[in-house]
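Below, each chain spelled out in residue letters.
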Amino acid sequence: MLRGLSRAGLGNIGSDEQMIALAQQYGFQTVDIDARGLIERHGLEGARELLKNGGVSVGAIGLSVEWRGTEEKFLEGLAKLADDAAAAAALGSTVCCTYILPATDHKAAHFAIIATRRLRTCAQILGAYGISLGLEFVGPHHLRTLWANPFLWSMHETLDWIAAIGEPNVGLLFDSYHWYANGHTIADIEALKPEQIVHVHINDAPDVPFEAALDNGRIYPGEGVIDLAGFLTALNQIGYKGSVTQEILSSEPPVGTPEELLARSKAGYDKVYTAAGLA
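With an unreviewed UniProt entry as reference, the chain is termed Sugar phosphate isomerase/epimerase, source organism Paenibacillus albus.

Asks: Would you take a moment to explain the nonpolar core for this structure?
Replies: Grouped together as the largest cluster of nonpolar side chains are 76 residues, with contacts concentrated most on Leu63, Trp67, Leu135, Trp161, Phe174 and Phe231. When residues in this core are grouped by element, the largest group, seven residues, is from helix H8 (residues 228-238). Excluding anything up to four places from it in sequence, Leu135 contacts Thr98, Ile100, Leu119, Thr158, Trp161, Ile162, Ile165, Val170, Gly171, Leu172 and Leu173. Counting five residues, the second largest nonpolar core, distinct from the first, contains Ala60, Cys97, Leu173 and Val198.

Asks: In this structure, what is going on with the packing of aromatic side chains? I would like to understand it.
Replies: By convention here, two paired aromatic rings are described through the distance between centres and the angle between planes. Counted according to the given criterion, the structure contains 10 aromatic pairs. For the ring pair Phe174 and Phe231, a centre distance of 5.7 Å and an interplane angle of 5 degrees mean the geometry is stacked. Here the residue Phe174 occupies a position in strand E9 (residues 170-175), and Phe231 occupies one in helix H8, the gap between them amounting to 57 residues. Side by side, Phe174 and Phe231 carry an identical accessibility label, which is buried.

Asks: How should the UniProt feature "domain: Xylose isomerase-like TIM barrel" (unreviewed entry) in the chain be read in this particular structure?
Replies: What UniProt calls "domain: Xylose isomerase-like TIM barrel" (unreviewed entry) maps, in this numbering, to residues 20-257. As a span, residues 20-257 carries 42% helix and 16% strand, and end to end its C-alpha atoms are 16 Å apart.

Asks: What am I meant to see in the sheet that holds strand E3 (residues 57-58) here?
Replies: Backbone hydrogen bonds hold the strands of a sheet together, and the pairing may be parallel or antiparallel. Read across the open sheet, the nine strands follow the order E3-E2-E1-E11-E10-E9-E7-E5-E4; overall the sheet is parallel. Both outer strands of the open sheet, E3 and strand E4 (61-62), are each paired with one neighbouring strand and no more. As judged from the two bridges shared by E4 and strand E5 (residues 95-100), these two strands associate in the parallel manner. Following the sheet pairing, Ile61 is matched in E5 by Cys96. Sheet contacts for helix H4 (residues 108-127): E5, strand E7 (132-137) and E9; angle to E7, the most-contacted strand, approximately 145 degrees. On the sheet, helix H9 (residues 258-275) packs against strand E1 (2-5), strand E10 (197-202) and strand E11 (243-246) and is oriented at approximately 150 degrees with respect to E1.

Cut-offs applied
Just so you know, the residues in each chain are numbered from 1, in the order the chain's sequence is written. With the structure being a predicted model, the display of local features is reserved for residues of pLDDT at least 70 and the display and counting of side-chain atom pairs for 80 or more, all residues being used for whole-chain, interface and lining totals. Processing note: side-chain calculations cover all non-hydrogen atoms of the structure and skip hydrogens and water entirely. Buried Ala, Val, Leu, Ile, Met, Phe, Trp, Tyr and Cys residues form a nonpolar core when they are joined through side-chain atoms within 4.5 Å. Partly exposed residues are those whose accessible area sits between 20% and 50% of the maximum for their type, while under 20% is buried and over 50% is exposed, using a 1.4 Å probe and protein chains only. Strands are runs of DSSP state E lasting at least 2 residues, helices are runs of H or I lasting at least 4, and numbering of each runs from the N terminus. Working rule for contacts: check all heavy atoms of both residues, and any pair within 4.5 Å makes them a contact. Only the six-membered ring of Trp is used, alongside the rings of Phe and Tyr, when aromatic pairs are assigned; centres must lie within 6.5 Å, and planes under 30 degrees apart are stacked while those over 60 apart are edge-to-face, with the rest tilted. UniProt positions are given in the numbering used here, feature names are shortened, and annotations may be inferred rather than shown by experiment. By definition, two strands form a pair when at least two bridges between them are found by DSSP. Only the contacting stretch of a helix is used when fitting its axis, a line to C-alpha atoms as for every element, and angles between N-to-C directions run 0 to 180 degrees.

In structure tokens:
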């Protein structure tokens, strides 16, 4: 499984170009960046060369379409999705991701109908470029009542929704923090097929009951109480081969230079990968 980076947890790392250079320096293999922006700045061959020289690939792009709001906003974003997908595909990326909030101010049943249609449309466009859509369930309990109506927040509910969307290129963005906050188990991972997982996020939790874990209270891998060795071992055993990408969301910006934070990240990856027998 590939060691990956997102911007979350790296402080003020600067440009995507700087992120690529530092990823190589600290032994990371993928970066979640704006593929289209990279091509616009460097041209296609220049962007490919930059990634090649940096020894990294694009792990995932974000779904830029606003599928949770008005139809006008959705259609406005949808017009640009093919360009995003074409750019990602041209740089060898096969993953686009979005998150699902566990509650909504809309009527939940009506929202589910609309969101299913919209995500199906997004998946169809992405699929034409060989890109899969990853849906991230969001587990922290405090978010379940932040909006008026509960929606969904568990792995099993999300798998049911993926089945309802009905496109073969839709799967899970599987985040260790949301797995933990739901009280999910190693057995839950072992019951999955590798093709059901599109992308993986890794992070850790402080020593609080999982029901009290805050979404913006995440810490670096190997510094908390989540069984990340078991998490990684189970993913490896079912045959997942994609990126395992750090995503640290915190209430305050992390303290330290990007280099110091990347050294901390590398140490955390080394610790949990070694414990899982994957170093």
